[in-house]
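Residue-level structure breakdown
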Amino acid sequence: MEKTYIFFNSRDELQRIDVSKIVYFEADGNYTDIVMVNKLRASVCMNLGEMEKAVAAQIGDAAKIFMRIGKRFIINMQYVYSINVLKQQLILSDYDHFAFQVSISKEALRKMKELMLVTKI
């Protein structure tokens, strides 16, 4: 399978990131943190809405693996391990090397759970 990369360019830095290695994006004000499978974090100077548009513009159909969850997160659906609505927890894992636990609103998790059951992503 051919790798797909996304590029983020600023005045001082160029970041080239393998899309399949992105676990999730997290909003941090006017910045977005990109969390990867090796636990590295990259910070990019754009808000989450801009990030959503940039990802779609750069990788087109491959962007379908990402889902916006609430106001703070865009997650890679390939790494969803567990959705616990009552505890407001989402666990993202590759079942082998990492597991990230993120707190998300009950409503957002309910919608996500329903969507996953319907689409069988």
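The present account deals with the structure reproduced in this document. Along each chain, the written sequence defines residue order, and numbers are assigned to residues from 1. The model is predicted, so local features are restricted to residues of pLDDT at least 70 and side-chain atom pairs to those at 80 or more, both for listing and for counting; the totals for chains, interfaces and linings are taken over all residues. Each side-chain value is worked out from all heavy atoms of the structure, with water and hydrogens disregarded.

The secondary structure content of the protein chain amounts to two helices and ten strands. Taking 2.2 N^0.38 as the reference for a compact globule, 121 residues should give roughly 14 Å; the C-alpha atoms of the protein chain span a radius of gyration of 14 Å, in line with that estimate. Its C-alpha atoms give the protein chain principal-axis dimensions of about 45 × 35 × 25 Å. Three labels apply to residues, based on accessible area from a 1.4 Å probe with only protein chains included: buried if under 20% of the type maximum, exposed if over 50%, partly exposed otherwise in between. A buried classification covers 40% of the 121 residues belonging to the protein chain. Whether two residues are in contact is decided by their heavy atoms: any pair within 4.5 Å suffices. For the protein chain, the share of sequence-separated contacts (at least 6 apart) that also reach a separation of at least 24 residues comes to 37%. Counting rule for charge: Lys and Arg are taken as positive, Asp and Glu as negative, and neither His nor the chain ends is counted. One atom stands in for each charge, and that atom is NZ of Lys, CZ of Arg, CG of Asp or CD of Glu. If the 17 positive side-chain charges of the protein chain are averaged to one point and the 14 negative ones to another, these points end up 7 Å apart. Helix numbering and strand numbering both begin at the N terminus, where a helix is a DSSP run of H or I of at least 4 residues and a strand a DSSP run of E of at least 2. Atoms counted for the radius of gyration: C-alpha only. Globule rule: 2.2 Å times residue count to the power 0.38.

Turning next to the sheet that holds strand E5 (residues 41-44). Taken in spatial order, the five strands of this open sheet run E5-E4-E3-E7-E6, and their pairing is antiparallel. Pairing within the sheet leaves two strands with one partner each, and these edge strands are E5 and strand E6 (66-69). In this sheet, neighbouring strand axes are inclined to one another by 20 degrees on average, regardless of whether the strands run parallel or antiparallel. Any two strands with at least two DSSP-identified bridges between them are counted as paired. Sheet topology note: the strand E3 (residues 22-28)/strand E7 (residues 73-76) ladder contains three bridges and is antiparallel. In the sheet register, Tyr24 faces E7, and the bridge partner there is Ile75. Geometry is summarised by axes, namely lines fitted to C-alpha atoms with helices restricted to the contacting stretch, and by angles between N-to-C directions that run from 0 to 180 degrees.

Glancing now at the packing of aromatic side chains. Geometrically, a pair of aromatic rings is defined through the distance of the ring centres and the angle of the planes. We call Phe, Tyr and Trp rings a pair once their centres come within 6.5 Å, taking the six-membered ring for Trp, and we label the pair stacked below 30 degrees between planes, edge-to-face above 60, and tilted otherwise. Within the structure shown, the criterion is met by six aromatic pairs. With centroids separated by 5.4 Å and ring planes inclined at 75 degrees, the aromatic side chains of Tyr81 and Tyr95 adopt a geometry described as edge-to-face. Here Tyr95 lies in the loop between strand E9 (89-93) and strand E10 (99-103) and Tyr81 lies in strand E8 (residues 80-84), a separation of 14 residues in the sequence. Between Phe98 and Phe100, the aromatic rings sit 5.3 Å apart at their centres with planes inclined by 45 degrees, giving tilted as the arrangement. For the pair Phe98 and Phe100, one class covers both residues: buried.

Turning our eyes to something else, we now look at the nonpolar core. When a protein is soluble and globular, its nonpolar side chains tend to lie buried together. Here, the term nonpolar core denotes a set of buried Ala, Val, Leu, Ile, Met, Phe, Trp, Tyr and Cys residues that are joined through side-chain atoms within 4.5 Å. Formed by 21 residues in total, the largest nonpolar core has its most connected members in Tyr24, Ile75, Leu90 and Met112. For this core, the secondary-structure elements that each account for two or more residues are E3, E6, E7, E9, E10 and helix H2 (106-119). Ranked by the residues each element gives to this core, the list is headed by H2, at four residues.

If you trace the backbone, Ile91 turns up in strand E9. Judged by its relative accessible area of 22%, Ile91 falls in the partly exposed class. As for Ile91 and Met67, which are separated by 24 residues in sequence, their C-alpha atoms are 14 Å apart. Discounting chain neighbours no more than four positions away, the residues touching Ile91 are Tyr79, Val80, Tyr81, Ser82, Ala99, Phe100 and Gln101.

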